[in-house]
Amino acid sequence: MVQWSESERTIINGIFSHLDYDDLGPKAFSRCLIVYPWTQRYFSSFGNLHNAEAIMGNANVAAHGIKVLHGLDLGLKHMDDIMGAYAELSSLHSEKLHVDPDNFKLLSDCITIVVAAKLGKAFTPETQAAFHKFLAVVVSALGKQYH
């Protein structure tokens, strides 16, 4: 079990209270598909992903980005049992979708970048450390079924 300080809980909740999911979700997921093009193989049903402009304008990509960002709410609501909270999603991604678990880390990095850009100077090293810890625990939980 992960131990969270009150400061970390406050920081993480503060970040999520200021997120515009409809803006940042598509930006993070688009960035992941553009920067790491091999991740596109899981989304062939999304239509045109042939270049950055197509990806950023793709409604399916935007919708999935919003869904992924809202998926982090699960961890936020269950900070004391993130592993348990993501057990079903871990099974889905490993057993049915066969997603390479390394992709969760890549996406978490992209989420961090767009959140940092949005928060600007408010994304202090302390904020980054707490957010990184949170995302690392979620990534670990999503990859648990693979181990």
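In this text the structure is predicted, and so the values were computed from the model without any measurement.

A closer look at helix α4 (residues 59–77)
Here's step 1: The terminal C-alpha atoms of α4 lie 28 Å apart, and with 19 residues this matches the ideal 27 Å at 1.5 Å per residue to within 8%.
Here's step 2: Turning to α4, its buried residues are Val61, Gly65, Leu69, Leu72, Asp73, Gly75 and Leu76. Taken around the axis of α4, the buried residues stretch over an arc of 165°, which confines them to a single face. For α4, the exposed residues set more than 90 degrees away from the buried face come down to Ala59, Lys67 and Lys77.

Examining the packing of helix α2 (residues 21–35) against α4
Here's step 1: Interaxial distance between α2 and α4 falls to 7 Å at its minimum, and their mutual angle equals 110°. In terms of orientation, α2 lies roughly perpendicular with respect to α4. Taking contact as the criterion, the partners of Tyr21, Asp22, Leu24, Gly25, Pro26, Phe29, Ser30 and Leu33 in α2 are, on α4, Val61, Ala62, His64, Gly65, Ile66, Leu69, His70 and Asp73.

Section: the state of the cysteines
Here's step 1: Within the structure shown, the criterion is met by zero disulfides.
Here's step 2: Distance from the sulfur of Cys32, which forms no disulfide, to the nearest cysteine sulfur (Cys110) is 4.6 Å.
Here's step 3: A relative accessible area of 4% means that Cys32 is categorised as buried.
Here's step 4: Residue classification places Cys110 among the buried residues on the basis of a relative accessible area of 2%.

Calculation criteria
- Residues numbered from 1 in each chain as written.
- Predicted model: local features only at pLDDT ≥ 70, side-chain atom pairs only at ≥ 80, totals over all residues.
- Heavy atoms only, no water.
- Helix = DSSP H or I, 4+ residues; strand = E, 2+ residues; numbered from the N terminus.
- Expected span 1.5 Å × (residues − 1).
- Buried < 20%, exposed > 50% of the residue type's maximum accessible area, 1.4 Å probe, protein only.
- Arc of directions from axis to C-beta.
- Axes fitted to C-alpha atoms, helices over the stretch in contact; angles between N-to-C directions.
- Parallel < 35°, antiparallel > 145°, perpendicular 65-115°, else oblique.
- Contact = heavy atoms within 4.5 Å.
- Disulfide = S-S within 2.5 Å.

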